[in-house]
Every structure is written in C-alpha cells, then in structure tokens.
Amino acid sequence: EGFNNGLPAVPFQLILESYFARANFTLDSKYIFTATYRRDISSRFSKDNRNADFPSAAFSWLASDEDFLKGSNVISNLKLRLSWGITGQQDIGGSFPYLGVYSPGDLRSQYQFGSEFIPTIRPEGYNEDIKWEEATMYNAGIDYGLFNNKITGTLDFYYRKNKDLLQYSQVPGGSNLENFLDQNVGETVSRGVEIGINATPVKSKDFSWDVSANFTVSDVEITKLTLTDDPNFPGQPVGGIAGGVGNTIQINALNAEPGSFYVYKQVVDAGGAPLEGVYVDLNGDNIINDSDKYRFQSGTPDAFFGFTSSMNYKNLDFNFTLRGSLGNYMYNNFRSANGYGQAILNQIGDYYGNGSVDAIKTGFINNQQFSDLYVENASFMKLDNISLGYTIPFEKMTLRASLIGQNLFTITNYTGLDPEISSGIDNNVYPKPRIYSLGLNFNF
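Residues numbered from 1 in each chain as written. Predicted model: local features only at pLDDT ≥ 70, side-chain atom pairs only at ≥ 80, totals over all residues. Heavy atoms only, no water.

Engineer: Can you help me understand the overall build of the protein in this one?
Structural biologist: Along its length, the protein carries 4 helices and 28 strands. The C-alpha atoms of the protein give a radius of gyration of 29 Å, which is well past the 22 Å a tight globule of 444 residues would have. Seen through its principal axes, the protein has C-alpha atoms that stretch 90 × 70 × 55 Å. Within the protein, the fraction of its 444 residues that count as buried is 35%. Summarising the internal contacts of the protein: among those between residues at least 6 apart in sequence, 63% fall at separations of at least 24. A total of about 26400 Å² of accessible surface is found on the protein, and carbon and sulfur atoms cover 55% of it. If the 33 positive side-chain charges of the protein are averaged to one point and the 48 negative ones to another, these points end up 9 Å apart. (Helix = DSSP H or I, 4+ residues; strand = E, 2+ residues; numbered from the N terminus. Rg over C-alpha atoms; globule rule 2.2 N^0.38 Å. Buried < 20%, exposed > 50% of the residue type's maximum accessible area, 1.4 Å probe, protein only. Contact = heavy atoms within 4.5 Å. Areas by Shrake-Rupley, 256 points an atom, 1.4 Å probe, with all protein chains shown as cover. Lys, Arg positive; Asp, Glu negative; His and termini not counted. Charge placed at Lys NZ, Arg CZ, Asp CG, Glu CD.)

Okay, here's the thing in structure tokens:
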C-alpha cells in the first residue's frame, strides 16, 4: 500500500515523518506565551490513522519583575508557569500491524498434487484500526530564588493521562487469526509533585559548598483496561517468572498500579514462621484457588529522591551523589524458584541443585511461588559516586589528580542482589559493579 501524504510508496520500509512549528510571544519581558504544533505521520498505521496532531501551549509570568517584588530582600526570582500538551507514541513490535499479510509455509506444510508439491501460504493476524497512543499532560510550576539566589529551586505539579495505549494483548477467541495482537487498549492516569532545591550554605574566598536535592512523589493508576467494560474481569496477567512453565506474578487491573503483584496471603504460625501451602481464604468459599489471590504492592516507587554535595577548599574538591526510591517492592524470584527442598534434592544425576538458603528459613519442601512471602520492600538509597580531587596549577599547564568511587554502597532491606530492577521481578539480574578509579588530568 502506498502513502497518500507525500510519503514515497516504499514496500516493507518503516517511515516516520514529522512537521514542527513554534511561536513565542513576550510582553513587557514578564509575560511569555509559547505555542507549538507537531504533525507526525507513521507508516505503522493505515492511511486513515497514520496522521496525528500534537499541539501544546505554555504561559509563564516573571513575577519578581513586578513593582511589588522588585525591592524584596528575600525573593530575588519568582516565575510562575502553566503548560498543557499532547504527545504521541507509535513504537510497537510489528512493522505493519494494520496490514493483512500472508506468510509462506515451510517445506513440511506443502500439499502434494500428483508428483508435484505445492508450497502454502497462511494469513497472519492484523488490526486495521490500530492508531497512535496519546498522552495529555498538564503542569503547574514555580521557579524561585531567595536571598540573592543563594537558594534556588522549582516546584511542579503534574497530571498526565495516557489513552489508546499500544499493547500486545489478547483478543477474544475466534475474532481474529491470532490470540494476541497489537491493540489500542486501556488508559492510565499519573499525577505527582516534583520538588528541587539548590543552595550555597558557605561561600568564601577559600571555601565553597553547594548542595542540591530533589524529591518526587508520583502515583500511577489504570483507569481503563479493556475495550468493553467487564466487572468480572480480574485483569491482564503479566510478569513471567522462573520456577514453572508459563507462570506470571503480576497483573494489570482497574484502579490499581500497573504491574501489581497478584499473590496469595501467606499464613504464619504463632512464631511467625510461614506454613507451607496455607493461605488466607479471602473469598470464604473454603477453597484456595485463583479467586483468593489479591493485589499486593507493585514495583513502581511511590517517591524518588536525590542529593548532591560539592565542596571546594582552595585546590581541593570533594563531591558525592546519593539517590534512592521509596515504596517500590520486588518479587524475589530467586528465593521462590530455588528456596525449597525439592529444588535442591530433586536433581538429575548424583548432584545437588544450586538452591537458596531460603529453604532453611521457610522449611518449604515444595514450590510455593505465589506466596506474598516473596514480595519484599525494595526501597533503597545508593551512594552513586564520590570523588576527591586536587588541582596543581603550573605555569603552562594544570594537573588534577582524582580518586573516584562508583556504586559504593546500598542501604535497603531487600535480601536480593539489587533492589533497583524496573520490572519489579528479580530473577536474572547481573549485579552492578563497584568501581574505583584513579585519574590524572592534564590541561595545557
């Protein structure tokens, strides 16, 4: 199929074409208006859906230039901001998911007519209605400077709504040629507050100290999950895990965070030890099955934070950066897949399996991988980097010697290797290395 929007008709070639326009208006150097318009054209969609328009607008007011603040000894800078905009997303797995195509069969699927074998072709699933995913975002913010800008920072409030999410999801049986297709399914809403502050506590001839900190609180919720409303639909299983065939441990469900863990509520004895295979009968039908699973936390943090310090004393400098997250949970798949007796003893040959010492702690004999026992709080704080340097000035060059450390320590209650795994499932992670380096820099 050729393009009717100025794009060349090149078969089997992905094309993305974009047009962008922007206008800025400034009044009295205090009131700034910005408007943008973007049109994108993607070959991933049919001619009826491949064009998408993404406008945005913003307004800012430099309040510190008003007469009532010009003489302030406290407020040296104050800017108020408002913005709105729509962005799009077309990055999906299939190249042309809207096209009905045929794939040639292999040698084993030929039909014989007399002495001749005829190769076959088979139709592939497609979705001719697939289109751009859209995100609409609203933002209100403040930029400020205090005490002659010795303290500066930002405060932002945002609201974001994603609709027509592009997902590779299940289709009703018999409605298409495949069980899963790229589709526009679902909506999410995210909201949050971002705070940033920079300060210079000390500044003198020989010594200066600059610090900066940021903190973000965010909330993400699924507000629409299926094309049609079904109150009995528990959600879409996601998050494959090891320790079984085709098992998942997460679920995308309405009015919940994406990737919430879908597990049984573990029962423990009087001493706090877990009882193998004993879970809470949440629906009260005296049967433990999938209906007794519940959504328990998720891998998405509730908050992020960071802190940076930079000190300089004459030719000596010292810097470090801390960062972390709060409220993120992790499913410890190494414990669940290897922390029970049969994982160690039930092996082929005369060898023991490479199990987990968690088998001693729980006393489990068989796999209990859907227990909420394996969902752990993975909040953390990391010392990302630290550096100590000394600069020696010469007549025609400068020499700086530095000692740098990266990923020096992590403070967390998580028992696995790394509490920072975006999927929320710890089953095949390569640990981040701790690095020390000594450097010499010459400037001529």
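Engineer: Explain the sheet that holds strand 17 (residues 260-263) here, please?
Structural biologist: To summarise the sheet geometry, strands pair through backbone hydrogen bonds and adopt either a parallel or an antiparallel arrangement. Overall, antiparallel pairing links the 4 strands, which are arranged 15-16-17-20 in an open sheet. Unpaired on one side and paired on the other, strand 15 (236-240) and strand 20 (294-298) mark the two borders of the sheet. Across the sheet, the mean angle separating the axes of adjacent strands is 45° when strand polarity is ignored. Sheet topology places strand 16 (residues 248-252) next to strand 17; 2 bridges connect them, and they run antiparallel. Directly across from Gln250, in strand 17, lies its bridge partner Phe261. (Pairing = 2+ DSSP bridges. Axes fitted to C-alpha atoms, helices over the stretch in contact; angles between N-to-C directions.)

Engineer: I would appreciate a short explanation of the environment of Phe33 in the present structure.
Structural biologist: On the secondary structure map, Phe33 appears in strand 2 (residues 31-42). According to the relative accessible area criterion, Phe33 is partly exposed, its value standing at 36%. Expressed as a C-alpha distance, the spacing of Phe33 and Phe364, which sit 331 residues apart in the sequence, is 64 Å.

Engineer: Teacher, can you tell me more about the packing of aromatic side chains here?
Structural biologist: Each pair of aromatic rings is reported with the distance of its centres and the angle of its planes. Taken as a whole and judged by the stated rule, the model has 11 aromatic pairs. Ring centres 4.9 Å apart and planes at 40° place the aromatic pair Phe33 and Phe59 in the tilted group. Of this pair, Phe33 sits in strand 2 while Phe59 sits in strand 3 (residues 51-62), and the two are 26 residues apart along the sequence. Overall, the relative accessible area of 27% leaves Phe59 in the partly exposed class. Geometrically, the ring pair formed by Tyr138 and Tyr159 is tilted, given 6.3 Å between the ring centres and 45° between the ring planes. Within this pair, whereas Tyr138 is found in strand 9 (residues 133-146), its partner Tyr159 is found in strand 10 (residues 151-163), the two being separated by 21 residues in sequence. (Phe/Tyr/Trp six-rings, centres within 6.5 Å; stacked < 30°, edge-to-face > 60°.)

Engineer: Mind showing me how you'd approach the nonpolar core here?
Structural biologist: Nonpolar side chains tend toward joint burial in soluble globular proteins. Counting residues in each nonpolar core, the largest one holds 16 residues, and the members touching the most others are Ile241, Ile249, Phe261, Val263, Tyr331, Val375 and Ile425. Looking at this core, the elements that each hand over two or more residues are strand 17 and strand 23 (329-332). Residues within four places of Ile241 in sequence aside, it is in contact with Asn247, Thr248, Ile249, Tyr331, Asn333, Gln369, Ile425 and Asn427. By size, the runner-up hydrophobic cluster in this structure holds 9 residues, among which are Phe54, Ile92, Ile130 and Leu166. (Core = buried A, V, L, I, M, F, W, Y, C linked by side-chain atoms within 4.5 Å.)

Engineer: Even after reading the chapter, I still don't get unusual backbone geometry, so can you show me in this structure?
Structural biologist: Glycine aside, residues mostly have negative phi angles, and peptide bonds mostly take the trans form. The phi dihedral of Asp28 is positive, around 55°, even though this residue is not glycine. Mapping Asp28 onto the fold places it in the loop between strand 1 (16-27) and strand 2.

Engineer: Looking at this structure, I do not really get the environment of Glu221. What am I missing?
Structural biologist: Residue placement: Glu221 occurs in strand 14 (residues 207-224). Discounting chain neighbours no more than four positions away, the residues touching Glu221 are Glu187, Thr188, Val189, Arg191, Asn255 and Ala256.

Engineer: Explain the pattern of salt bridges to me, please; I cannot follow it from the model alone.
Structural biologist: Any two side chains of opposite charge can pair, so long as their charged atoms come close to each other. Throughout the structure, instances matching the rule amount to 20 salt bridges. Residue Lys30 pairs with Glu66 through a salt bridge whose shortest N-O separation is 3.2 Å. Placement of the pair is Lys30 in the loop between strand 1 and strand 2 and Glu66 in the loop between strand 3 and helix 1 (67-70), with a sequence separation of 36 residues. By relative accessible area, which is 13% here, Lys30 ends up buried. (Salt bridge = Lys/Arg side-chain N within 4 Å of Asp/Glu carboxyl O.)

Engineer: Help me out: how do you make sense of the sheet that holds strand 23 in this one?
Structural biologist: Pairing is mixed across the open sheet formed by 3 strands, whose spatial order is 24-23-27. Both edges of this open sheet fall to strand 24 (375-377) and strand 27 (425-426), since each of them pairs with a single strand only. As paired elements, strand 23 and strand 24 share 3 bridges and run antiparallel to each other. Counted as the bridge partner of Met330 is Glu376 from strand 24.

Engineer: How do you make sense of the pairing of strand 21 (residues 303-313) when you look at a structure like this?
Structural biologist: Regular strands place their side chains on alternate faces of the sheet. Here strand 14 pairs with strand 21 via 11 bridges, running antiparallel. Bridge pairing in strand 21 places Asn214 opposite Gly306.

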